[in-house]
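Results of the structural survey
Below are the chains, spelled out letter by letter.
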Amino acid sequence: NAGVTQTPKFRVLKTGQSMTLLCAQDMNHEYMYWYRQDPGMGLRLIHYSVGEGTTAKGEVPDGYNVSRLKKQNFLLGLESAAPSQTSVYFCASRPRPGAVNQPQHFGDGTRLSIL
Amino acid sequence: AQTVTQSQPEMSVQEAETVTLSCTYDTSESDYYLFWYKQPPSRQMILVIRQEAYKQQNATENRFSVNFQKAAKSFSLKISDSQLGDAAMYFCAYRSVQGAQKLVFGQGTRLTINP
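Summary of the structure given here. (Residues numbered from 1 in each chain as written. Chains lettered and ligands numbered in written order. Predicted model: local features only at pLDDT ≥ 70, side-chain atom pairs only at ≥ 80, totals over all residues. Heavy atoms only, no water.)

Turning to the overall build of chain B, a few remarks are in order. For chain B, the helix and strand inventory stands at zero helices and twelve strands. Along the chain direction, N to C, the helices and strands of chain B fall in the order β-β-β-β-β-β-β-β-β-β-β-β. A compact globule built from 115 residues would reach a C-alpha radius of gyration of about 13 Å, and chain B, at 14 Å, matches this within 12%. Considering only C-alpha atoms, chain B reaches an extent of 45 × 30 × 20 Å along its principal axes. Of all 115 residues assigned to chain B, the portion counted as buried reaches 48%. Looking at chain B as shown, the accessible area adds up to about 5600 Å², and 44% of this sits on carbon and sulfur atoms. The distance from the centre of the 11 positive side-chain charges to the centre of the 10 negative ones in chain B is 6 Å. (Helix = DSSP H or I, 4+ residues; strand = E, 2+ residues; numbered from the N terminus. Rg over C-alpha atoms; globule rule 2.2 N^0.38 Å. Buried < 20%, exposed > 50% of the residue type's maximum accessible area, 1.4 Å probe, protein only. Areas by Shrake-Rupley, 256 points an atom, 1.4 Å probe, with all protein chains shown as cover. Lys, Arg positive; Asp, Glu negative; His and termini not counted. Charge placed at Lys NZ, Arg CZ, Asp CG, Glu CD.)

Overall, the coordinates contain six salt bridges over all chains when judged by the stated rule. Close ionic contact of arginine 44 of chain A with aspartate 38 of chain A constitutes a salt bridge, the shortest N to O distance being 2.7 Å. For the salt bridge of lysine 55 of chain B with glutamate 52 of chain B, the shortest nitrogen-to-oxygen distance reads 4.0 Å. Taking the relative accessible area as the measure of exposure, lysine 55 of chain B reaches 38% and is therefore partly exposed. Beyond isolated ion pairs, a larger network of salt bridges with shared partners links Arg36, Asp38 and Arg44 of chain A. (Salt bridge = Lys/Arg side-chain N within 4 Å of Asp/Glu carboxyl O.)

Our next topic: the sheet that holds strand S8 (residues 73–78) of chain A. Residues and elements named next belong to chain A. Spatial ordering of the open sheet is given by S1-S3-S8-S7, a layout of four strands whose pairing is antiparallel. Two strands bound the open sheet, and with one partner strand each, they are strand S1 (4–7) and strand S7 (65–67). Recorded for the sheet is a direction-independent mean angle of 20° between the axes of neighbouring strands. (Pairing = 2+ DSSP bridges. Axes fitted to C-alpha atoms, helices over the stretch in contact; angles between N-to-C directions.)

Moving on, we come to the interface of chain B and chain A. Opposite the 20 residues of chain B that make contact, chain A presents 26 residues. Summing the contributions of chain B and of chain A, the shared interface buries around 1800 Å²; its carbon and sulfur component is 51%. Between the two partners, chain B and chain A, sit nine residue pairs in polar contact (both at pLDDT 80 or more). Elements that contribute at least two residues to the side of chain B that touches chain A include exactly strand S5 (32–39), strand S6 (46–52), strand S10 (88–96) and strand S11 (103–105) of chain B. The element that contributes the greatest number of residues to the side of chain B that touches chain A is S5 of chain B, accounting for four residues. (Contact = heavy atoms within 4.5 Å. Buried area = accessible area lost by both parts, 1.4 Å probe. Polar contact = N/O pair within 3.5 Å; in protein donor to acceptor, adjacent residues only side chain to side chain.)

Treat this as a map of the structure, not an account of what it does.
This is the structure in structure tokens:
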């Protein structure tokens, strides 16, 4: 009964390093999302996916890439980390429209610091 | 594009009293969903209540209720009989019924409960 699981929970990077955040959901949801949360601001959408093999840009996509090779996983990549990417990252998922009407289910977040 | 505005960065209330958090939004759509999420220090995003725009009746969930004014594009959250466990950041969010059904968040209101 895991729901949405984010790995890792915390990470510190140096400027220029790369890393991948993993989001896994066990609810067979079609749609998945990556958001970032900065102090004094609400969550902002980075990228999203409406199904396996598809991805699309959200509100703040620059500096990030994503992949959805498997339906249950949605990966967020930082190719060359910058201090401006210091944030808390949230993954979320939900069924496709027309299925059971459910809100988005959120993971517990990943706190990422770029030095 | 839709926008959500929470004009109260911080609010405080005495335990057992009632508090109302404000939210306004802007959209050209006629059908949509509105949500209030609670984020305690644990960082979890917890759904508090949701409202379908086509429903005139205001949603209620135990001590939580909303005042949905569609014409005014206003969606406030009322917490009755405030409890210490209600202390958290509260986010108002908008979701279209079309497309990828992305969430658009307000900036958040930090609620403090005074014993």
